[in-house]
Amino acid sequence: MTILDESAKRALAWPGDPQIPIERCQPVEARAQYLDGFAQIQWPLEDVDETREEYAGNIRLKIWRGRGAPQQGAPALLYLHGGGWVIGTPETHEDICRSLANAVGAVVFSPDYRLAPDHPFPAALEDCAGALVWMKDRADTLGIDPARIIIGGDSAGGNLAAVVALMARDGDAPGVIGQVLIYPVTDQQQVLDSYRRYAEDFGLTAAAMAWFRNHYLPHAASRLDWRASPLNAASLAGVAPAFVVLAGYDVLFDEGAAYAKRLEAEAQATCRIWPGQIHGFVSMGRAIPEAKEALEAIAAAWRRMDPALGP
C-alpha cells in the first residue's frame, strides 16, 4: 500500500485557526471560512504580464495574461475553480491560473460562476458554458486564438469542465482542443469505494462531499443526469483530449480513475496519479512541493494538446 506523503501529512497539520467542519456550516459561513484561510497554504502569487476583469453578461471573469503571451492570437484556458459548487471564487485558485498562464505563455480566464444553494444545478454549468461562448465571440478583442482554447478545472470545477467538454463535442458549446481535469467529480451517487477508504482524516471528507452535493443537486433524480455525473454519459467518443490529475488519498479517487479509464478507452487521455497525495494538493504549494510538479505536468500536457506551442 502506498504511504501518505510527508508533505500531505504536513498540509493536514497546517497551523491556523481551527476550522469548523463544512457540513456543520451554513453556506455563507463556509464561504467566509474558506476565504479566510485558503491563502495560508498556497505559494505566493506569480507576477504575470497583465491582470484584469471583464463581464460576460452578469458573470465576472478574472483574466491573467502570462509572461511572454502574445498580444494577439494567444492560446487560452478557461479554468473553472473548485469548491463543491458552493464556495470559492476565481481568486481562491489564482495560484494555479497564474502559474499555468506563465508556464505556457497564455491567457487564463476564470469565471465567478453562480454558486449553490442560491443557484443550484444547472446554473454553474450554464455560466461556464456561457463564458466559453463569450471568449469565442470576443477572441479578437481579448487577444486570443478561438481555435486554441482548452478547458480545465479542479474538483467541482473539474466536473464542470468535463461536462462542458462533452457539450462542446455535441455542438452545445464552442469547441475546445483539450481538457484538464484535476481530481474531478464524475459520479454524484458517492458510492464508490474511495468514499469508504478515505471518508475521514484526509482533508476532504465523505460528509463534506455529501453537503456539497446536496446543495448543488437538491433533487436526487438530477444526480444521475450526465451533466451532473459525466461518468454516466452514454459515450465519451469524440471528446477533446484530456489530462487527468488524481490524488491517491482522496474520496474522489475512484470516480476520477473510472472516468480517466473511459477517456483512455473511448477518446484520448493521459492520467497522472500522485499516489501519496490528498485532495486539493495542487493548491497547497507552501506545504506540498508536489504541487509544482503537478502544475509542470499540466503545462506539458497543455503543450501536447496545442501543437502550435511546440515541445
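So, a few notes on the structure that sits alongside this text. Keep in mind the model is a prediction, meaning the values are calculated, not measured. (Residues numbered from 1 in each chain as written. Predicted model: local features only at pLDDT ≥ 70, side-chain atom pairs only at ≥ 80, totals over all residues. Heavy atoms only, no water.)

Attention now goes to the environment of G276. With respect to the helices and strands, G276 occurs in strand β8 (residues 269-278). Residue G276 is classed as buried on the basis of its relative accessible area of 3%. Spatially, the C-alpha atom of G276 lies 27 Å from that of A30, the residues being 246 residues apart in sequence. (Helix = DSSP H or I, 4+ residues; strand = E, 2+ residues; numbered from the N terminus. Buried < 20%, exposed > 50% of the residue type's maximum accessible area, 1.4 Å probe, protein only.)

The next thing to look at is helix α10 (residues 290-305). For α10, built from 16 residues, the straight-helix expectation of 22 Å at 1.5 Å per residue is met to within 8% by its first-to-last C-alpha distance of 23 Å. The set of residues buried in α10 consists of E290, A291, A294, L295, A297, I298, A299, A301, W302 and M305. (Expected span 1.5 Å × (residues − 1).)

Within the largest apolar cluster, 114 residues are counted, with the highest numbers of intra-cluster contacts made by F109 and F212. In terms of residue count, the dominant contributor to this core is helix α6 (residues 156-169) (10 residues). For F212, the contacting residues outside a window of four places in its chain are I22, G83, G84, W85, V86, I87 and L204. (Core = buried A, V, L, I, M, F, W, Y, C linked by side-chain atoms within 4.5 Å. Contact = heavy atoms within 4.5 Å.)

Time to look at the packing of aromatic side chains. Counted by the stated rule, this structure contains 10 aromatic pairs. Between F121 and Y216, the ring centres sit 5.8 Å apart and the planes meet at 80°, which makes this aromatic pair edge-to-face. With F121 in the loop between β4 (107-111) and α4 (123-137) and Y216 in helix α8 (residues 206-216), this residue pair connects regions lying 95 residues apart in the sequence. Look at F121 and you get buried, because its relative accessible area is 14%. Owing to a relative accessible area of 0%, Y216 belongs among the buried residues under this scheme. Taking 5.7 Å as the distance between ring centres and 45° as the angle between the ring planes, the aromatic pair formed by W274 and F281 counts as tilted. Since its relative accessible area comes to 4%, W274 is described here as buried. Grouped by ring-pair contacts, the aromatic residues W85, F121 and Y216 constitute a single cluster. (Phe/Tyr/Trp six-rings, centres within 6.5 Å; stacked < 30°, edge-to-face > 60°.)

So, about the pattern of salt bridges. Summed over the entire model, instances satisfying the criterion amount to 23 salt bridges. The partner of R52 in a salt bridge is E50, and the shortest N-O contact between them spans 3.2 Å. Judged by its relative accessible area of 21%, R52 falls in the partly exposed class. According to the relative accessible area criterion, E50 is partly exposed, its value standing at 29%. Two residues, E54 and R52, come together in a salt bridge whose shortest N-O distance is 3.2 Å. (Salt bridge = Lys/Arg side-chain N within 4 Å of Asp/Glu carboxyl O.)

Before going further, it helps to examine the layout of surface pockets. Any space left empty among the atoms is revealed by the rolling of a water-sized probe across them. The volume enclosed by the largest pocket comes to roughly 1300 Å³. Lining the largest pocket are 41 residues, and of these Q19, Y34, G203, L204 and M284 lie nearest its centre. Listing elements by their share of the lining of the largest pocket, those giving two or more residues are α1 (6-12), α2 (27-37) and α8. Per-element accounting of the lining of the largest pocket gives the leading share, 5 residues, to α2. For the lining of the largest pocket, the class distribution of residues is 21 nonpolar, 16 polar and 4 charged. (1 Å grid on protein atoms, 1.4 Å probe; cavity = no way out; pocket = protein on both sides within 12 Å on 5 of 7 lines; lining within 4 Å. Points joined across faces, edges and corners; volume = space filled by probe spheres on them. Nonpolar A, V, L, I, M, F, W, Y, C, P; charged D, E, K, R; others polar.)

This part covers the pairing of β4. With 5 of 5 residues buried, β4 is to be regarded as a mostly interior element. The alternating pattern of β4 places V107, F109 and P111 on one face and V108 and S110 on the opposite face, and all of these are buried. Of the pairings in the sheet, the one linking strand β2 (residues 59-65) to β4 comprises 5 bridges and is antiparallel in character. The residue of β4 that forms the bridge with I63 is F109. (Pairing = 2+ DSSP bridges.)

Across the interface, α4 lies against α6 with an axial gap of 10 Å and an inter-helix angle of 60°. With respect to α6, the axis of α4 lies oblique. With respect to the hand of their crossing, α4 and α6 are arranged in right-handed fashion. Touching A124, L125, C128, A129 and L132 of α4 are L160, V163, V164 and M167, all from α6. Of the residues assigned to the contact of α4 with α6, the class counts are 9 nonpolar, no polar and no charged. (Axes fitted to C-alpha atoms, helices over the stretch in contact; angles between N-to-C directions. Parallel < 35°, antiparallel > 145°, perpendicular 65-115°, else oblique. Left-handed = near helix turned anticlockwise from the far one by under 90°.)

Our focus in this paragraph is the environment of I87. Checked against the element boundaries, I87 lands in the loop between β3 (74-80) and α3 (94-104). The class for I87 is buried, based on a relative accessible area of 6%. When the C-alpha positions of I87 and K261 are compared, they lie 29 Å apart, and in sequence the two are 174 residues distant. Setting aside chain neighbours within four positions, we find I87 in contact with I22, A30, R31, Y34, H81, G82, L115 and F212.

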